[in-house]
Amino acid sequence: MELLIRNGFVYDPINGVNGEKMDIAVKDGKIVEKVNENKAREIDASGMIVMPGGVDIHCHIAGSEVNTGRLLRPEDHFRDFERKTSITRSGVGYSIPSTFTTGYRYARMGYTTIMNPSMPPLEAKHTHEELNDTPMVDKATYPLLGDWWFVLEYLKNASIEECARYVAWMIASTKGYAIKIVNPGGLEAWGFGHNVASLDDQVPYFGITPREIVRGLCKVNKLLNLPHTIHVHTNNLGKPGNYKTAIETMRCVEDLAAENKPAIHITHCQFCAFKGDDWRTLESGAEDIANYVNAHSHVTMDMGQVIFTDTTTMTADGPFQYTLYELSGNKWVNHDVETETSAGIVPFRYRRKSYVHAVQWSIGLELALLIKDSWKIFMTTDHPNGGPFIAYPKIIAWLMSKKAREATLEKISSKARSRSLLPSIDRELSFYEIATMTRAGQAKALGLKGKGHLGVGADADIAIYDVNPETVDPSRKYKRVRRAFKRAAYTIKGGKVVVENGEIVQSVKGATMWLDVQTSEPVKISDDMKRRFREYWTVEYENYPVTEHYLEISHPIKVKASV
Amino acid sequence: MITLYPLKEFQHPIIAECINPEVFQGKTIQEIGALKIWEGNKQKKLEELFKIEKDETDNLTITIRGNISKVRRIGTGMENGEIIIHGDAGMHLGEEMKGGKITVHGNVGSWAGSMMKGGTIEIHGNASDYLGAPYRGSSEGMRGGKIVVYGNVGNETGAHMRKGIIKIYGSAGQFAGFRMRKGTIYIQKDAGNRVGACMTGGKIIVGGFLESVLPTFTIEGTKGKVKIEEGEKATGPFYLFIGDHAEKGNGKIYVSKEKNPHLSCYEKFL
């Protein structure tokens, strides 16, 4: 099928196109130079914005953790449900929607690629089953490797190359996309009822430090030539004063970065940008972090913006979730995943009038506005930890309009308002910067060649929003912009029109991308390794890997490792 | 006044959020008849399931005559007016209601007065489980208003209650006042086990037999009379227990001394 998108204002930051009026031609799921005008379906995008399909670098949408969250929260479902239509399936859920609904809601906002950031390797099959059932979007998932016993053991013995081979094996076996590190060392310590408090604390039994884990896996990442950097959830997350840990974590891989390329991605940075000694003296550490990031080029990060709503927090950071449970007194789930990781889930409500929550809201926006280069910071809510992803249009409005920020500042805790840096920040992002933060930058950081841009040869994932940048001033008419981004005028996925006027018109399946990392010498599946599987895991080695036929639409990306 | 008569014995659950005095107000009988209602998975009009009669006297009263035990969510979110039901009513009666009054001359299903914020529900028969309790999984219980039941009630009455009063003139099932934070539950007759489990505040009065008090409660003393609400007192004497200490709670349970001689063993701790 051929498509011709006419006269839209195109924002394509990777190719440097900034709001120029041009036509985009699509043929066989790819963007092409031109199509046969008589045969192609024409989409009139005059007075509208044309962007590449949205890319979300970090959103918990599938897997055992998400599903446990669903089971834990029937009350999250009964107020928000979607009836089945002739095209779409029914579904429920506000902060943790069911799989199909997740796909539909992303597509309605013009998103076409999403990344599920935390998959315990043991639960990989479950995760892929749910990803198979998430339609409309291409997706990938990151296995949690920071506290895997094999990694800890090889790092302890300082055998980086051997570690790299096992990581490559694990990524291919779990059909993962990047190395995810959560509270390095802390999760292993949590197995003993402890946590680590700094980058130089010792991990029980293994005797290595979080610093060694982060550095080790950063080197592994480089040896394997993975397209994305290590994806790090820092130590001390959600604790006052943790901005120092975040900066320290970024600093510890400074020397490993090459040629100005990023070497580390700090995820949901809002949660690790707290200054102060306790909750009462909590302040924003966004300025310090922004100063560091502005001066260094080896870091990318995402916001983890907080939305004032009722949501569900879920991370692999077991000790942090325990702290959160103690703070909130809510029901909770905590889980130790054999030799690999831990997990926790606590429902949480962010309140405008709560000083801490309002400060958190402010920190997320401060980070996004104070970091000058929008290729370094991306828009997320760490769905569902900071709020559900359906709030993205709200964040876009806050970023594009000081007036929108002031309107919300009016309503928040007065103590938080008086301490917020936001009133002093005049920066308002342009559509070009928004396109960078919501698709181009994320695709670039992920190393996705065919996503996040509209150049010839790119995947035809396109979002068209009904807002005219020539007549609508987003600074004043932020509500108009919010509406436009909430319901895409058109979403095109793989060359097919899937959304029109914010409604699904066609349901399509998306591919699951995974890395087929090819090491020169494959990992030795020795009897010793099988023995360890037998002794440490409830699953035997033979049943452990996710085979390719498990993925409904498999999209392997071949990576040649230098080990 | 509007009177509804069910046209048949219902086989499938019916979701009838539209049966609400404010929705009916100012509408002609044709408009009321055209209101949308779900029968099983099919959307119907109100007039397809009910015979509707209207007289001009009072527009804010709805009377329903007949067995509507399959009809759910009657009076959801109502703020004023009155609903009178002669017969049994279904689940989620008066869910999230903020004002007005619902009277049932019959039994009601589970979750009557769930998450209510104000108004009154009067039940002359029995009520089932989760009276005044929130939806499954939610901790946002009753926040105000009054529920009076003249018969017996099921389990988990007033769970997660934050304000308001529930008066039961019959017996209650297990877990009355589970996780309640504030408010009052009065049970004139017997109560099932685990009364006030995990409560952190509020008051539960048991006028009848109670097999045992949870071990996480401590005895505080005895009291002659206990106030139920303005102008109504329960006469005792009562044992007063404080708890639930497992939740660092400060809730009060009053248990009749006369009906529970087996609890006299607590007296040595006084």
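Above: the structure in question.
Residues numbered from 1 in each chain as written. Chains lettered and ligands numbered in written order. Predicted model: local features only at pLDDT ≥ 70, side-chain atom pairs only at ≥ 80, totals over all residues. Heavy atoms only, no water.

Engineer: Explain the pattern of salt bridges to me, please; I cannot follow it from the model alone.
Structural biologist: Pairing is possible between side chains that carry opposite charge, provided their charged atoms lie close to one another. Throughout the structure, instances matching the rule amount to 53 salt bridges over all chains. Across the salt bridge formed by A:Arg211 and A:Glu248, the nearest N and O atoms sit 3.1 Å from each other. With a gap of 37 residues between them, A:Arg211 in helix α8 (residues 210–223) and A:Glu248 in helix α9 (residues 243–251) connect regions that are remote in the sequence. Given the relative accessible area of 28%, A:Glu248 is considered partly exposed. B:Lys44 is the salt-bridge partner of B:Glu39, the closest N and O atoms lying 2.6 Å from each other. B:Glu39 sits in the buried class, given a relative accessible area of 7%. Overlapping salt bridges bring together A:Arg73, A:Glu75, A:Asp310, A:Lys331, A:Arg349, B:Glu140 and B:Arg143 as one network. (Salt bridge = Lys/Arg side-chain N within 4 Å of Asp/Glu carboxyl O. Helix = DSSP H or I, 4+ residues; strand = E, 2+ residues; numbered from the N terminus. Buried < 20%, exposed > 50% of the residue type's maximum accessible area, 1.4 Å probe, protein only.)

Engineer: What's the story with the layout of surface pockets in this structure? I'm lost.
Structural biologist: Once rolled over the atoms, a probe with the size of a water molecule shows which space is left empty. Of the pockets and cavities examined, the largest pocket occupies roughly 1400 Å³. A:Gly329, A:Asn330, A:Lys331, B:Ser139 and B:His160 are, among the 43 residues lining the largest pocket, the residues nearest its centre. At the level of elements, α2 (74–77), α11 (318–328) and β19 (341–349) of chain A are the ones that each hand at least two residues to the lining of the largest pocket. At three residues, the largest contribution of residues to the lining of the largest pocket is made by β19(A). Of the residues contributing to the lining of the largest pocket, the split by class is 16 nonpolar, 10 polar and 17 charged. Approximately 770 Å³ is the volume attributed to the second largest pocket. Of all the elements in the fold, those that place two or more residues in the lining of the second largest pocket are α8, β16 (299–302) and α16 (431–446) of chain A. Ranked by the residues each element gives to the lining of the second largest pocket, the list is headed by α16(A), at four residues. The residue makeup of the lining of the second largest pocket, split by class, is 16 nonpolar, 10 polar and eight charged. (1 Å grid on protein atoms, 1.4 Å probe; cavity = no way out; pocket = protein on both sides within 12 Å on 5 of 7 lines; lining within 4 Å. Points joined across faces, edges and corners; volume = space filled by probe spheres on them. Nonpolar A, V, L, I, M, F, W, Y, C, P; charged D, E, K, R; others polar.)

Engineer: Looking at this model, I keep getting lost on the environment of B:Phe241. Mind explaining?
Structural biologist: Considering the arrangement of structural elements, one finds B:Phe241 in strand β16 (residues 232–243). Residues B:Phe241 and B:Gly221, 20 residues apart in the sequence, show an inter-C-alpha distance of 7.5 Å.

Engineer: Would you mind showing me how to read the packing of aromatic side chains here?
Structural biologist: Each aromatic ring pair is summarised here by two numbers: the centre-to-centre distance and the angle between the ring planes. Following the criterion strictly, the structure yields 40 aromatic pairs over all chains and no others. Judged by centre distance (6.1 Å) and plane angle (75°), the ring pair of A:Trp169 and A:Phe533 falls under edge-to-face. A residue pair is termed long-range when its members are at least 10 positions apart, and A:Trp169 in helix α6 (residues 160–174) and A:Phe533 in helix α18 (residues 527–536) qualify at 364 residues. By the burial criterion, A:Trp169 is buried, and A:Phe533 matches it. Between B:Phe238 and B:Tyr254 the ring centres are 6.4 Å apart and the planes differ by 75°, which places this aromatic pair in the edge-to-face class. Remark: B:Tyr254 occurs in strand β17 (residues 251–256) and B:Phe238 occurs in strand β16; sequence separation between them is 16 residues. The pair formed by B:Phe238 and B:Tyr254 is uniform in burial state, with each residue classed as buried. Taken together, the aromatic side chains of A:Trp148, A:Phe150, A:Tyr154, A:Tyr166, A:Trp169, A:Phe533, A:Trp537, A:Tyr541 and A:Tyr544 make up a single cluster linked through ring pairs. Sitting over the ring of A:Tyr205, A:Lys156 keeps its end group 5.1 Å from the ring centre. Over the aromatic face of A:Tyr111 sits the side chain of A:Arg439, whose NZ or CZ is 5.8 Å from the ring centroid. (Phe/Tyr/Trp six-rings, centres within 6.5 Å; stacked < 30°, edge-to-face > 60°. Lys NZ or Arg CZ within 6 Å of the ring centre and 35° of its normal.)

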